[in-house]
Amino acid sequence: MSKNKFLLPFILVCSLFFLWAFLHNLNPTLIPHLKKACQLSDTQSSFIDFAVYIGYFTVAIPAGLFIHRFSYKKGILLGLGLYALGALLFIPAAATREYTFFLVALFISASGATFLETVANPYVTVLGDPNTSEQRLNFAQSFNGLGAAVAPALGGRFILSGIEHSKEELAKMSPADLHTYLNSEASTIKIPYLIMALVVIMVAMLFVFTKLPEVSEGGHSSKFSLNVFKYSHLKWAVIAEFFYVGAQVGVGSFIVRYSKYVSGLDEKKAEFFWAMAMVGFMAGRFAGTFFMRYIKPAKLLSLYAFINIILLSIALAANGMVAIYAVLAVPFFMSIMFPTIFALGIKDLGEDAKIGSSFLVMSIIGGGLIPIVMGFISDKTGSMQTAYIMPLICFAVILFFGLKGYKIKNTPTYNEVEQSPVVI
């Protein structure tokens, strides 16, 4: 096939990396916003993350089976359809202000994103010269970082109203005024999510009318088995990935609440600062790729984990903008962690790499559970700052993996298979 034949399909597949990153990184906007609009506790608001990541946990294997049974293209179209449906459901959810409705809508969109992520990582590697497959995947993953940076910027601009009332002020409102205020807050979601749905539908239509190269994969799939955990480095990688995603999501999800607690920063400014931090996350991926030319991945992972432990120690002890800046520096050093842990975890697994990879993908459920623990700590202690002890603990687990857990103690008898990095 000519290179030009791959160009349009490759561009379209790159858009999928942006879309699922955009979905994930709207959560730091949704959590404080729905906390206001639906009058939630910190623990209740943390279920926004849970709704997204439980979607990944439950749908990842069915998505893989669907794509294996049908095709990459049908998997993409189904994923985009679910993504758009979930976004459209935000409109009636906002009209009713039913929190459960919002969670269902998020779960549906996340299920669609799971299909997209299951397709895009392997598919982009076959859209061109096999000798440059890794370069294509790394380039496509840059759109993931772009989505992570754009989502909080747009969310802060078009969803957050900037109107914040204390509990005392809300208590003084008449029932009619309170109802009007809460409905007004919920309604700011409608137009942004309608536009999101329309964009996704337009992307789906482009896929419908674009002929995608057919891919024929030889070989056979490994059976789903827990026997892969005989490899200690895979076992520790699954544990490390669980805590990494938990830390990534937890740090971002409560940044608005944290900034308000330690410095009194208003929600729009906090969201803007977080958008800048996610630009750092994107830059960190490029910088990390360069540093790995000179530093072994496990050593760089350990160094970054240690730096984040120091930064979060400052975030726990300091106040004002010093504490906020410490948290905002964390994403740069998080940037390499998911793909590095992933690659170290499936190293030398041979045919077991496939099933090992599936467990690593499922481990991202940590992004749904760690924030719940953070919300619980905040509610019980009255301090969102104290809740940031959880990401610190998560990075301590990652530090252990980078120092010791990654080491291979079991060597398979078959040849090492080709491995591609996966980024969330």
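Note that the structure is predicted; figures quoted are calculated from it, not measured.

### Focus: the overall build of the chain
Alright, step 1. Within the chain, the regular secondary structure consists of 20 helices and zero strands.
Alright, step 2. Put simply, the chain has 424 residues, and 54% of those count as buried.
Alright, step 3. Partitioning the contacts of the chain with sequence separation of at least 6, the portion at a separation of at least 24 is 85%.

### Thoughts on the packing of aromatic side chains
Alright, step 1. Tallied over the entire structure, the rule returns 20 aromatic pairs.
Alright, step 2. Ring centres of Phe332 and Phe333 lie 5.1 Å apart, and the angle between their planes is 75°; on these two criteria the pair is classed as edge-to-face.

### Remarks on the side chain of His33
Alright, step 1. Of note, His33 is situated in helix α2 (residues 27-37).
Alright, step 2. On the basis of relative accessibility, which here comes to 0%, the residue His33 falls in the buried class.
Alright, step 3. What His33 contacts, discounting residues up to four positions off in sequence, is Ile159, Leu160, Glu185, Ala186, Thr188 and Ile189.

### Some details on the packing of helix α12 (residues 255-263) against helix α15 (residues 320-334)
Alright, step 1. α15 packs onto α12 with a crossing angle of 155° between their chain directions and a minimal axis gap of 8 Å. What the angle tells us is that α12 and α15 run roughly antiparallel. As α12 packs across α15, the resulting crossing turns out to be right-handed. Residues Ile255, Tyr258, Ser259, Val262 and Ser263 of α12 touch α15, and the partners they reach there are Gly320, Met321, Ala323, Ile324, Val327 and Leu328.
Alright, step 2. Broken down by class, the residue content of the contact of α12 with α15 amounts to eight nonpolar, three polar and no charged.

### Overview of the nonpolar core
In summary, soluble globular proteins display a tendency toward joint burial of nonpolar side chains.
Alright, step 1. Within the largest apolar cluster, 125 residues are counted, with the highest numbers of intra-cluster contacts made by Leu80, Tyr258 and Tyr388.
Alright, step 2. If near-sequence neighbours (up to four positions away) are discounted, Leu80 is found in contact with Leu16, Leu19, Leu116, Val200, Val203, Ala204 and Phe207.

### Quick notes on the environment of Trp20
Alright, step 1. With respect to the secondary-structure elements, Trp20 resides in helix α1 (residues 3-24).
Alright, step 2. Accessibility expressed as a relative area gives 0% for Trp20, which makes it buried.

### Describing unusual backbone geometry
Alright, step 1. In the Ramachandran plot, Gln39 falls in the positive-phi region, its phi being about 55° despite a non-glycine side chain.
Alright, step 2. Mapped onto the secondary structure, Gln39 falls in the loop between α2 and α3 (42-45).
Alright, step 3. A relative accessible area of 45% places Gln39 in the partly exposed class.
Alright, step 4. You will see that Arg97, though not glycine, has its phi angle at about 55°, which is positive.
Alright, step 5. Within the secondary structure layout, Arg97 lies in the loop between α5 (72-96) and α6 (99-123).

### With respect to a nonpolar patch on the surface
Alright, step 1. The grouping of Leu88, Ile191, Leu194, Ile195, Leu198, Val199, Ile201, Met202, Met205, Val208 and Phe209 at the surface amounts to a nonpolar patch, some 990 Å² of accessible area in total.
Alright, step 2. Top contributing element to the nonpolar patch by residue count: helix α10 (residues 190-208), with nine residues.
Alright, step 3. As for its position among the elements, Met205 is in helix α10.
Alright, step 4. What makes Met205 partly exposed here is its relative accessible area of 41%.

### Focus on helix α16 (residues 337-345)
Alright, step 1. Burial analysis of α16 places eight of its nine residues in the buried class, which makes it a mostly covered element.
Alright, step 2. Considered for burial, the residues of α16 that qualify are Met337, Phe338, Pro339, Thr340, Ile341, Phe342, Leu344 and Gly345.

### Looking at the pattern of salt bridges
Alright, step 1. In total, this model carries four salt bridges according to the counting rule given.
Alright, step 2. When the shortest N-O distance is used, the salt bridge between Asp42 and Lys35 registers 3.6 Å.
Alright, step 3. What makes Asp42 buried here is its relative accessible area of 2%.
Alright, step 4. Linking Asp42 and Arg257 is a salt bridge whose minimum nitrogen-to-oxygen distance equals 2.8 Å. Taken as a pair, Asp42 in helix α3 and Arg257 in helix α12 lie far apart in primary sequence, 215 residues in all.
Alright, step 5. According to the relative accessible area criterion, Arg257 is partly exposed, its value standing at 24%.
Alright, step 6. Bridged by salt links that share partners, the residues Lys35, Asp42 and Arg257 form one connected network.

### Digging into the confidence of the model for the chain
Alright, step 1. Overall, the predicted model of the chain reaches an average pLDDT of 85, with 88% of residues at or above 70.
Alright, step 2. The low-confidence segment residues 217-222 (pLDDT under 50) makes seven contacts with residues lying over four places distant or belonging to another chain.

### Some details on the environment of Thr118
Alright, step 1. Looking at the secondary structure, you find Thr118 in helix α6.
Alright, step 2. Along the chain, Thr118 and Ala63 lie 55 residues apart, while their C-alpha atoms are 6.9 Å from each other.
Alright, step 3. Setting aside chain neighbours within four positions, we find Thr118 in contact with Ala60, Ala63, Gly64 and Ile67.

### Description of the packing of α2 against helix α9 (residues 175-187)
Alright, step 1. Where α2 meets α9, the closest approach of the two axes is 8 Å, and the angle between their N-to-C directions is 155°. On the basis of the axis angle, α2 is roughly antiparallel to α9. The element α2 and its partner α9 pack so that their crossing is left-handed. When α2 is examined against α9, the residues His33, Lys36 and Ala37 are found in contact with a partner set consisting of Tyr181, Leu182, Glu185 and Ala186.
Alright, step 2. Of the residues contributing to the contact of α2 with α9, the split by class is four nonpolar, one polar and two charged.

What counts and what doesn't
- Residues numbered from 1 in each chain as written.
- Predicted model: local features only at pLDDT ≥ 70, side-chain atom pairs only at ≥ 80, totals over all residues.
- Heavy atoms only, no water.
- Helix = DSSP H or I, 4+ residues; strand = E, 2+ residues; numbered from the N terminus.
- Buried < 20%, exposed > 50% of the residue type's maximum accessible area, 1.4 Å probe, protein only.
- Contact = heavy atoms within 4.5 Å.
- Phe/Tyr/Trp six-rings, centres within 6.5 Å; stacked < 30°, edge-to-face > 60°.
- Axes fitted to C-alpha atoms, helices over the stretch in contact; angles between N-to-C directions.
- Parallel < 35°, antiparallel > 145°, perpendicular 65-115°, else oblique.
- Left-handed = near helix turned anticlockwise from the far one by under 90°.
- Nonpolar A, V, L, I, M, F, W, Y, C, P; charged D, E, K, R; others polar.
- Core = buried A, V, L, I, M, F, W, Y, C linked by side-chain atoms within 4.5 Å.
- Patch = residues over 30% accessible without salt bridge, like charges linked within 9 Å, V, L, I, M, F, W, Y side chains within 5 Å.
- Areas by Shrake-Rupley, 256 points an atom, 1.4 Å probe, with all protein chains shown as cover.
- Salt bridge = Lys/Arg side-chain N within 4 Å of Asp/Glu carboxyl O.
- pLDDT = per-residue confidence, 0-100.

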